[in-house]
Amino acid sequence: MKKAQEQLITRVLTDYATQVVPDDLDGWAAIQRRLQSRAPLAPARSRRLEVGYRLSGAGAALQMGRTWDWQRAYQLGLGLTALLGLLFTPGSQVVLG
Amino acid sequence: MNEAQAIERLKQGDIGGLEPLVNQYYVRAVRAAFLVTRDKSLAEDVVQNAFIRAYERIDQFDPERSFGPWFLRSVVNEAINTISRDRRNISLEYIAPGQEEKLVELIADPHPGPDQFWDEVELRQKVWEALGQLSPPQRAAIVQRYYLGLSETEMADREQCAPGTVKWRLHSARQRLRTLISFGGK
């Protein structure tokens, strides 16, 4: 491929990308929103494992701990683990409302 | 905070270290992902996920190397995987019909004479359409080489991909582009 043709391709790629994607995107704000709205998924984990992981108190605690709030994570972890323990203990009943 | 300090903070589990890296690489990464996916929203998704994954996998990053090429390669790979998975890869889908010509006119060199102007507009449109007809890995190879300016060695590096594979992929992409565009001596 001739040099001029390669330069043309570079120019077309650069110009299209610059026109469509502006310079002033606030990536950090977008990433913070994403981190707050949902925990990041580890792609290697299967969806089923992911659901189990999120349902477990330890998983939730770990997930929050990985972001910011250790104290809330600890409390939530304790709470969820206790609730799951109650739900899955034979003979136990949880009355809601 | 410089790049090395940011990475050090990430390695200590402080997500605040991500901010300077995002500020430095976000726009370039979204542009590269857009050129592969041809969908701006999808490109932003890809890049945001890539940053979060970079944070999660920062232990795999060798701080002796530059973060940019390592990260941009992962963005391009993720963009290929995303469009291959979603099959949302319809060329020019982000730009609505009718807007396409306007955009091509906008990015053409504003200074040549009228004939040259339309030749240039036509040629650029041909190039853009031809890029859309490449397979995602071929398009990614072109984006890495001609937009991100990565060398063949950098492209192959750490992708568990032999330099020969990158060379072959680039060669077939160029070959296909040549056929699709038929440069006509330009």
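Shown above is the structure to which this text applies.
Because the structure is predicted, anything quoted here is derived from the model rather than measured. (Residues numbered from 1 in each chain as written. Chains lettered and ligands numbered in written order. Predicted model: local features only at pLDDT ≥ 70, side-chain atom pairs only at ≥ 80, totals over all residues.)

Before we move on, could you go through the overall build of chain B and cite the residues and values that matter?
Broken down by element type, chain B carries nine helices and zero strands. For chain B, the succession of helices and strands along the chain, N to C, is α-α-α-α-α-α-α-α-α. Out of the 186 residues belonging to chain B, those deemed buried represent 38%. Look at the contacts in chain B between residues 6 or more apart in sequence, and 64% of them connect residues 24 or more apart. (Helix = DSSP H or I, 4+ residues; strand = E, 2+ residues; numbered from the N terminus. Buried ≥ 20, exposed ≤ 12 C-beta atoms within 10 Å, placed from the backbone. Contact = placed C-beta atoms within 7 Å.)

So, the interface of chain B and chain A: which residues are in play, and what are the values?
On the chain A side, the residues contacting the 31 residues of chain B number 27 residues. Looking at the side of chain B that touches chain A, the elements that each hand over two or more residues are helix H2 (18-37), helix H3 (40-56), helix H5 (99-107), helix H6 (114-133), helix H7 (136-147) and helix H9 (163-181) of chain B. Taken together, the residues of the side of chain B that touches chain A break down into 20 nonpolar, two polar and nine charged. (Nonpolar A, V, L, I, M, F, W, Y, C, P; charged D, E, K, R; others polar.)

With reference to specific residues and values, describe the nonpolar core.
Within soluble globular proteins, side chains that are nonpolar generally end up buried alongside one another. Residues and elements named next belong to chain B. The biggest cluster of nonpolar side chains holds 55 residues, and the ones touching the most others in it are Ala 29, Ala 32, Ala 33, Val 47, Val 75 and Val 143. A per-element tally of this core places H2 first, with 12 residues. Here Ala 33 is in contact with Ala 43, Val 46, Val 47, Val 75 and Ala 79, once residues within four sequence places are set aside. (Core = buried A, V, L, I, M, F, W, Y, C linked by C-beta atoms within 7 Å.)

Explain helix H1 (residues 3-20) of chain A residue by residue, including any values.
Residues and elements named next belong to chain A. When the terminal C-alpha atoms of H1 are compared, their 26 Å separation across 18 residues agrees well with the 26 Å that a helix rising 1.5 Å per residue should span. Buried residues of H1: Leu 8, Ile 9, Val 12, Leu 13, Tyr 16 and Ala 17, and no others. End-on view of H1: buried residues confined to an arc of 150°, all on one side of the axis. Turned more than 90 degrees away from the buried face of H1 sit Lys 3, Ala 4 and Gln 7, all of them exposed. (Expected span 1.5 Å × (residues − 1). Arc of directions from axis to C-beta.)

Any chance you could break down the packing of H2 of chain B against H3 of chain B for me, citing the residues and the numbers?
Residue and element names in this part refer to chain B. Direction vectors running N to C along H2 and H3 enclose 140°, while the axes themselves pass 8 Å from each other. Between H2 and H3, the angle falls in the class oblique. Regarding H2 and H3, the two cross each other, and that crossing is right-handed. Here H2 contributes Leu 18, Val 22, Tyr 26, Ala 29, Val 30, Ala 33, Phe 34 and Thr 37 to the contact with H3, which in turn contributes Lys 40, Leu 42, Ala 43, Glu 44, Val 46, Val 47, Ala 50, Phe 51 and Tyr 55. Looking at the contact of H2 with H3 residue by residue, the class counts come to 14 nonpolar, one polar and two charged. (Axes fitted to C-alpha atoms, helices over the stretch in contact; angles between N-to-C directions. Parallel < 35°, antiparallel > 145°, perpendicular 65-115°, else oblique. Left-handed = near helix turned anticlockwise from the far one by under 90°.)

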